[in-house]
Amino acid sequence: MVPDYARFPGSGRSVKDTYGEVGLAAHWVKRLLHFLFIYKAKALPGWFLIPE
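Residues numbered from 1 in each chain as written. Predicted model: local features only at pLDDT ≥ 70, side-chain atom pairs only at ≥ 80, totals over all residues. Heavy atoms only, no water.

Q: Before we go on, may I ask you to explain the overall build of the protein in this structure?
A: Per the secondary structure count, the protein includes 1 helix and 0 strands. Taking 52 residues into account, the globule formula puts the C-alpha radius of gyration at 10 Å, and the protein, at 19 Å, lies well above it. Seen through its C-alpha atoms, the protein measures out along the principal axes to roughly 55 × 20 × 15 Å. Counting all 52 residues of the protein, 6% fall into the buried class. Surface exposure of the protein reaches about 5,200 Å², of which carbon and sulfur atoms provide 66%. Taking the 7 positively charged and 4 negatively charged side chains of the protein as two groups, their mean positions are separated by 9 Å. (Helix = DSSP H or I, 4+ residues; strand = E, 2+ residues; numbered from the N terminus. Rg over C-alpha atoms; globule rule 2.2 N^0.38 Å. Buried < 20%, exposed > 50% of the residue type's maximum accessible area, 1.4 Å probe, protein only. Areas by Shrake-Rupley, 256 points an atom, 1.4 Å probe, with all protein chains shown as cover. Lys, Arg positive; Asp, Glu negative; His and termini not counted. Charge placed at Lys NZ, Arg CZ, Asp CG, Glu CD.)

Q: Please clarify how the packing of aromatic side chains should be interpreted in this entry.
A: Given two aromatic rings, their pairing is described by the distance between the two centres and the angle made by the two planes. Counting across every chain of the model gives 2 aromatic pairs. When the ring of Trp-47 is compared with that of Phe-48, the centres are 6.3 Å apart and the planes differ by 85°; the resulting orientation is edge-to-face. Looking at Trp-47, the relative accessible area reads 37%, which means it is partly exposed. When its relative accessible area of 60% is taken as the criterion, Phe-48 is described as exposed. (Phe/Tyr/Trp six-rings, centres within 6.5 Å; stacked < 30°, edge-to-face > 60°.)

What follows is the structure, given as structure tokens:
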């Protein structure tokens, strides 16, 4: 999405129509998925139990 600063000064987007806060939970989910991916890639014990 390309920000339109002429139409929406400040943020460049309509605050009413676009929203969403990722928050701290997304950081931990990303960290967990990264850890599980590396664990499975190394074929450590129990790697086959991790879904794809």
